[in-house]
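Listed below, chain by chain, are the residues.
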Amino acid sequence: MGAPGVLSQDKRRILNVSNLTDWNGAALADDLEAALGAPAIMENDTALVGLGEATIGAGKGADIVAYVTISTGVNGARVVDGALDRAASGFEIGGQLLGRDASASTLEELVSGRAIEERFGAPPATLGKEHPVWEELAEIVAVGLHNTIAYWSPERIVLGGSMMGEVGIPFDRIEAHLERLKSKNPILPEIVSATLGDLGGLWGGLVRLRPLSSSTTLM
């Protein structure tokens, strides 16, 4: 099961999800097991999509993959050798602060679909391709990716999410801004677009279950 927000360390309970506050504290894994009479495994929903992209989709063939989604919210996951990297309380890269102190905005507050809709009073896709906000967002996303490269050191970055659509943040402008940022590592990882779309989480779920069942067959 893919669930939003920060999960407990044993991945049985949702600790914090900003847009579904009634779910905070919910023991979803236990509830699902009780309803189905079968074992349930819960992972962060973005992490499952990242696992799918890293192993079946655009990240296939790379050993260390960073998946980043820019959609209603912003998050990502690190996949190493075909498995989700370990984390004490999950990945929340959209929470990285872009500024000097605790009053600074997070990456998610600056570039997410929810933030842009609140800012302009309209769904982002209705703003049109030529709206100047897309260039602004490309520069901010490049800073977020620069930070992600610094702490995750991936071979490949897979970018996905609704804000990366045809009307959205221009992929080539993100790359151009990223090239101009200072970095200790002069070689940037390959950056590619996600390919699995809405099926990424389903593929990730199958990959997550693969070690538990010798009968699971994947492409």
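Quick note: structure is the one above.
Residues numbered from 1 in each chain as written. Predicted model: local features only at pLDDT ≥ 70, side-chain atom pairs only at ≥ 80, totals over all residues. Heavy atoms only, no water.

**Student:** For this particular structure, what's the right way to read the sheet that holds strand β9 (residues 190-193)?
**Tutor:** Backbone-to-backbone hydrogen bonds pair the strands of a sheet. The strands run either parallel or antiparallel. Spatially, β7-β6-β5-β8-β9 is the arrangement adopted by the 5 strands of the open sheet, whose pairing is mixed. Strands at the two margins of the open sheet, each flanked by one partner only, are β7 (83-84) and β9. Pairing of strand β6 (residues 74-80) with β7, which is carried by 2 bridges, proceeds in the antiparallel orientation. When the bridges of β7 are listed, Val79 appears paired with Leu84. In the packing of helix α6 (residues 171-180) onto the sheet, the strands contacted are β8 (156-160) and β9, and the crossing angle to β9 comes to about 165°. (Pairing = 2+ DSSP bridges. Helix = DSSP H or I, 4+ residues; strand = E, 2+ residues; numbered from the N terminus. Contact = heavy atoms within 4.5 Å. Axes fitted to C-alpha atoms, helices over the stretch in contact; angles between N-to-C directions.)

**Student:** I would appreciate a short explanation of the packing of helix α5 (residues 133-152) against α6 in the present structure.
**Tutor:** Any two packed helices are characterised by the angle at which their axes cross and by the distance between the axes. At a minimum axis distance of 8 Å, the contact between α5 and α6 shows a crossing angle of 55°. As far as their axial angle goes, α6 and α5 are oblique. The crossing of α5 and α6 is right-handed. Residues Glu135, Ala138, Glu139, Val141, Ala142, Leu145, His146 and Ile149 of α5 lie in contact with α6, whose contacting residues are Arg173, Ile174, His177 and Leu178. (Parallel < 35°, antiparallel > 145°, perpendicular 65-115°, else oblique. Left-handed = near helix turned anticlockwise from the far one by under 90°.)

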